[in-house]
Amino acid sequence: MRKLVSFFVFSVALFIGLFSIPLDTPTLYEKLYPSFSQSEADFLLGRRVKNKSLGEAIRGMKYPVNFNDRFVVMKYPVNKKRKMVSEEVQIGETGQVIGLYKRDVGFGLIIKWDEQNKDGEDMFSVDNRFSSRVFLDFE
């Protein structure tokens with residue numbers, strides 16, 4: 001009987017511990033495998049996404065692409081003459097997974113958002129396993 005009670009108490013404590021982790025914290029699996037595998041990334045390629053809210057704690061960002069096909073990641077202007085180029089992804093904003101990028105181990109997703117910035121440039125985000133779970137609803 002004593003072993004049964006001990007096992008029950010351990011099971012309840014484990015259950016509470018596993019499911020009380022905040023959503024904006026990477027899981028153990030996401031820490032071990034932060035990138036998507038080839039098959040996971042291929043499955044998500046071309047799918048529509050919608051940004052979901054997490055409140056004020058974490059925010060998704062989107063960036064334009066410069067002439068070298070690299071993301072412009074400057075959030076704050078270096079001097080007053082330059083403009084801020086990155087923007088926050090708005091809640092409910094929609095986009096599409098248009099490509100994959102190769103990481104050291106695995107792949108990440110390139111999201112093209114439907115809304116352009118005020119200069120008429122397309123805006124993109126790069127997401128891995130954790131950020132896609134936190135920010136994106138796949139349709």
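The model shown is predicted, which means the values in this text are computed figures rather than measured ones.

Enquirer: What's the story with the sheet that holds strand β5 (residues 107-113) in this structure? I'm lost.
Expert: Whether parallel or antiparallel, the strands of a sheet pair through hydrogen bonds between backbone atoms. With antiparallel pairing, 5 strands are arranged side by side in an open sheet as β6-β5-β4-β1-β7. In the strand order of this sheet, the two ends are held by β6 (123-127) and β7 (136-138), each with one partner. With strand direction ignored, the average angle separating the axes of adjacent strands in the sheet is 40 degrees.

Enquirer: Please explain the pattern of salt bridges as it appears in this structure.
Expert: Pairing between side chains of opposite charge can happen when their charged atoms approach one another. All chains considered together, the criterion is met by 6 salt bridges. Among the salt bridges present, the one from Asp114 reaches Arg48, with a minimum N-O distance of 2.5 Å. Of this pair, Asp114 sits in the loop between β5 and β6 while Arg48 sits in strand β1 (residues 48-51), and the two are 66 residues apart along the sequence. For Arg48, a relative accessible area of 30% gives the class partly exposed.

Enquirer: Whenever I open this one, the nonpolar core confuses me. Can you help?
Expert: Note that soluble globular proteins tend to have their nonpolar side chains buried in a common cluster. Phe36, Val49, Val97, Leu109, Ile111, Trp113 and Leu136 are the most contacted members of the largest nonpolar core, which has 14 residues in total. Counting residues per element, the ones that place at least two in this core are α3 (38-44), β5 and α4 (129-135). Looking at which element gives the most residues to this core, the answer is β5, with 4 residues. Discounting residues that sit within four places of it in the chain, Leu109 has contacts with Phe36, Ala41, Leu44, Val97, Gly99, Leu100, Tyr101, Ser125, Val126, Asp127 and Phe138.

Enquirer: Help me out: how do you make sense of the confidence of the model for the protein in this one?
Expert: On average, residues of the protein score 78 in pLDDT, and 76% of them reach the 70 mark or higher. Mean pLDDT in the protein bottoms out at helix α1 (residues 2-19), which sits at 76, and peaks at β1, which reaches 93. This stretch, residues 74-81, has a pLDDT under 50; its non-local contacts, to residues over four places away or in other chains, come to 10 contacts.

Enquirer: Can you help me understand the pairing of β6 in this one?
Expert: Regular strands show a simple pattern: their side chains alternate between the two faces of the sheet. With 4 of 5 residues buried, β6 lies mostly within the body of the structure. Note that β5 and β6 share 5 bridges and pair antiparallel. By the bridge assignment for β6, Leu109 is matched with Asp127.

Enquirer: Looking at this structure, how should I read the packing of aromatic side chains?
Expert: Two descriptors summarise a pair of aromatic rings, namely the distance from one centre to the other and the angle between the planes of the rings. Throughout the structure, instances matching the rule amount to 0 aromatic pairs. Over the face of the ring belonging to Phe107 we find Lys102, whose NZ or CZ atom lies 4.9 Å from the ring centre.

Parameters at a glance
Residues numbered from 1 in each chain as written. Predicted model: local features only at pLDDT ≥ 70, side-chain atom pairs only at ≥ 80, totals over all residues. Heavy atoms only, no water. Pairing = 2+ DSSP bridges. Helix = DSSP H or I, 4+ residues; strand = E, 2+ residues; numbered from the N terminus. Axes fitted to C-alpha atoms, helices over the stretch in contact; angles between N-to-C directions. Salt bridge = Lys/Arg side-chain N within 4 Å of Asp/Glu carboxyl O. Buried < 20%, exposed > 50% of the residue type's maximum accessible area, 1.4 Å probe, protein only. Core = buried A, V, L, I, M, F, W, Y, C linked by side-chain atoms within 4.5 Å. Contact = heavy atoms within 4.5 Å. pLDDT = per-residue confidence, 0-100. Phe/Tyr/Trp six-rings, centres within 6.5 Å; stacked < 30°, edge-to-face > 60°. Lys NZ or Arg CZ within 6 Å of the ring centre and 35° of its normal.

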